[in-house]
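Each chain is listed here by its residues.
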Amino acid sequence: MNNQNLKKLIITLFRVAIGWHFIYEGLVKLWAANWSAAGYLANANGPFAGFYHWMAASEGLMKIIDPINIAALLLIGLALFLGVFIRTASVSGILLLALYYFAYPPFGGSLLAPVEGSYYIVNKNFIEAAALLLLLLIKERGYGIYALQYFLPKKKLAKEPVKQEQEVLSSRREALKNLATLPALGIIGWGAFRESQEFGVDTLSGATIQIGGADISELKGELPKGKIGNQTISRLVLGGNLIGGWAHSRDLIYVPSLFRAYNTEKKIFETLMLAEKAGIDTINIGFPTIETMAKYRKMTGSNIKIICQVHPDMENNDYYVNIDKAIDSGMDIIQVQGNWCDWLVRDNKMDVIGKMMDRIRSQGYTAGLASHTVDALIACEEQGIIPDYYMKTMHHDRYWSAHPRENRVPFEVDGKRYLDHNRFHDNCFCLFPDRTVEFVERAKVPVMGFKVLAAGAISPEDGFNWAFQNGADFICVGMFDFQIVNDVNITIDVLNKMQGRKREWFG
C-alpha cells in the first residue's frame, strides 16, 4: 500500500468513526420511548444556561427541537459515514457539538468535570468538534460513495479524446477502490447496532442525560486510602444497596420501590460520577448490579474499582459459576456474600466457603468474606478459612428500633421477620456488637464495616466514628447523590480526630 492509499484509508476510518457515533446517537434517541431533550436543556448550567432553559420551558419549541436534533444527528452521521457532503456535514456537526458543549461545559462547577474524558476545558464534545474541524480543513476526503459520480455519463470533448478517456478510466479505477471499502464500513455500522442492542440508550451522550449542577466545592480535603490485597481503595466505599433497591426499610413497604424510582440509570451514573469526583474510588455491589456497573465503565471510561459479592449455585452444586461470571465481567475484587456465608456456616457447609475462597485466589483475585453474624466468621476462623479481608456488619444498638439484646439469636438477620417488636424485624444487622468488636480487634487482615448506620437508624457522624474507633479499616455506606459530599467530609473529620482506637490499622 503506497502512502497516498494509506492516507486515504486513515482519513476514511477517522471520518467513519465519527459518522457512526452520530448515527448511533440519533438512532438510540429515535428508538427510545418518549425521548426528549427537555430535561437535558432544563438543567443546563453553562454560561448560556438561560438560553437552554428558555427552550426547555416551551412545549412548542421542544416539539420542533427534538425531531431536528434526531434528524441532524442521523443526517450528519450518514454523510460522514458514507462519504458524501463531507464539508457540509462537518460544519453542521461542529455547530451541533458546540450546542452540547456549552450546555454542560467542563468548567464552572459542572458535574462532568473533572472526570475521565473531561478536563476543565476539553471534553469529548470538544475533541469530536476538533476532529470535524480537521476534516473540514484538509483536502483529502478518503474513500466514500462520492466516487459514484465517475460512473455517470460524461460529455465527450472534441479535442484530446485519448487523454480524456484515460482520465475517465483512471477515475473509475479510483472509484472502484472507494466502493470496495463499503463492506468494511458496513461492518463498523453493524458493530454500532450491536452496541445499541447490548447496552441500550447511551445515557451519557449529548442531550440524553439530565445532570444537575452538583457543587462539591465544600469538600474538606482528600479522602484517605488503604489497601486490601493488591488493591488500593478509599477508606469510604460506596455501597450498592440503594442502587439495587434493597432498602431494609422495615415496615415502610413502599420505600424499596421509591429508591428504584429515584435511582434511574441516569441518576445512578450521576451518583457514581459525583462519588468519583469526591474521592470515592470503590463500590461494593450485589451480583445483580454487574451489568449496570459494566455499562457505566464502558460508557464513561471510569476506573472505579468494583467489589462484587458472589454466591454458590447450590441447586446445581456449582460453587464457582458466579465467581467466573464476575471475573469475566471485569470485576476487581470478589467477595463471598454475607448472607450466604451465614447460611453455609449455619448449615454446616463451610467446605463450600473454603472452595470458593480457593477459586477466587487461584484466579489471582483478592478474596473477601462477608457476614452479618459474627458466629459465622468465628467458625470459619476456627477451620482455618481466613480471607484477604473481612466485611462485617458493624454498628452499635443504641437506637429505638433495635430489639432487646436478650431476644437476639445468631443467624436471624437473614431469617424470619417478626411482627413482634421484641423480635427481629429487619432492624438490627450487628446482633452482638461487643462480640463483633472482640473479633475485629484480633483480626490480622483488613476489616470493612458495613451497615454502619443500621440502615438509616444511626447518624453518619455517630456510625462512622463507632465503626472506625472499634477497628474497621474501611466502611461501606449506601449513599444517594445528595449525601456523598457530606459523607466524605464526615469520614475525613472522623479519621482526622480519631481517638481511642485500640486496633492497629490494617491496609
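Computed from a prediction, not measured in an experiment: that's the story for all the values here.

A. Examining the packing of aromatic side chains more closely. Scanning the entire structure with this criterion turns up 15 aromatic pairs. Ring centres 5.9 Å apart and planes at 50 degrees place the aromatic pair Tyr 101 and Phe 126 in the tilted group. Here Tyr 101 is found in helix α5 (residues 86–103), whereas its partner Phe 126 is found in helix α6 (residues 124–137), with 25 residues between them in sequence. A relative accessible area of 9% means that Tyr 101 is categorised as buried. Its relative accessible area of 37% is what places Phe 126 among the partly exposed residues. Through a chain of ring-to-ring contacts, the aromatic side chains of Phe 48, Tyr 101, Phe 102 and Phe 126 assemble into a single cluster. Stacked on the ring of Tyr 418, the Lys or Arg Arg 423 has its end atom at 4.1 Å from the ring centre. In this structure, Lys 451 packs its charged tip against the face of Phe 429, placed 5.6 Å from the ring centre.

B. Region of interest: the sheet that holds strand β11 (residues 447–450). Pairing is parallel around the closed barrel formed by eight strands, whose spatial order is β5-β6-β7-β8-β9-β10-β11-β12. Ignoring strand direction, the axes of neighbouring strands in this sheet form an average angle of 25 degrees. Pairing analysis gives four bridges linking strand β7 (residues 305–310) to strand β8 (residues 333–336), with the strands arranged parallel. Counterpart to Cys 308 in the pairing with β8 is Ile 334. Docked against the sheet, helix α12 (residues 290–300) engages β6 (282–285) and β7, running at close to 165 degrees with respect to β7. Contacting β7, β8 and β9 (366–371), helix α15 (residues 350–362) runs over the sheet at an angle of about 150 degrees to β9.

C. Summary view of the pattern of salt bridges. Enumeration according to the criterion identifies 20 salt bridges in this entry. In this structure, Lys 225 engages Asp 281 in a salt bridge whose closest nitrogen and oxygen atoms are separated by 3.2 Å. Remark: Asp 281 occurs in the loop between α11 (265–277) and β6 and Lys 225 occurs in strand β3 (residues 225–228); sequence separation between them is 56 residues. Looking at Lys 225, the relative accessible area reads 44%, which means it is partly exposed. A salt bridge links Arg 346 to Asp 347; the nearest nitrogen and oxygen atoms lie 3.0 Å apart. A relative accessible area of 43% places Arg 346 in the partly exposed class. According to the relative accessible area criterion, Asp 347 is partly exposed, its value standing at 39%. One continuous salt-bridge network, built from bridges that share partners, spans Asp 397, Arg 405, Arg 408 and Asp 434.

Rules behind the numbers
- Residues numbered from 1 in each chain as written.
- Predicted model: local features only at pLDDT ≥ 70, side-chain atom pairs only at ≥ 80, totals over all residues.
- Heavy atoms only, no water.
- Phe/Tyr/Trp six-rings, centres within 6.5 Å; stacked < 30°, edge-to-face > 60°.
- Helix = DSSP H or I, 4+ residues; strand = E, 2+ residues; numbered from the N terminus.
- Buried < 20%, exposed > 50% of the residue type's maximum accessible area, 1.4 Å probe, protein only.
- Lys NZ or Arg CZ within 6 Å of the ring centre and 35° of its normal.
- Pairing = 2+ DSSP bridges.
- Axes fitted to C-alpha atoms, helices over the stretch in contact; angles between N-to-C directions.
- Contact = heavy atoms within 4.5 Å.
- Salt bridge = Lys/Arg side-chain N within 4 Å of Asp/Glu carboxyl O.

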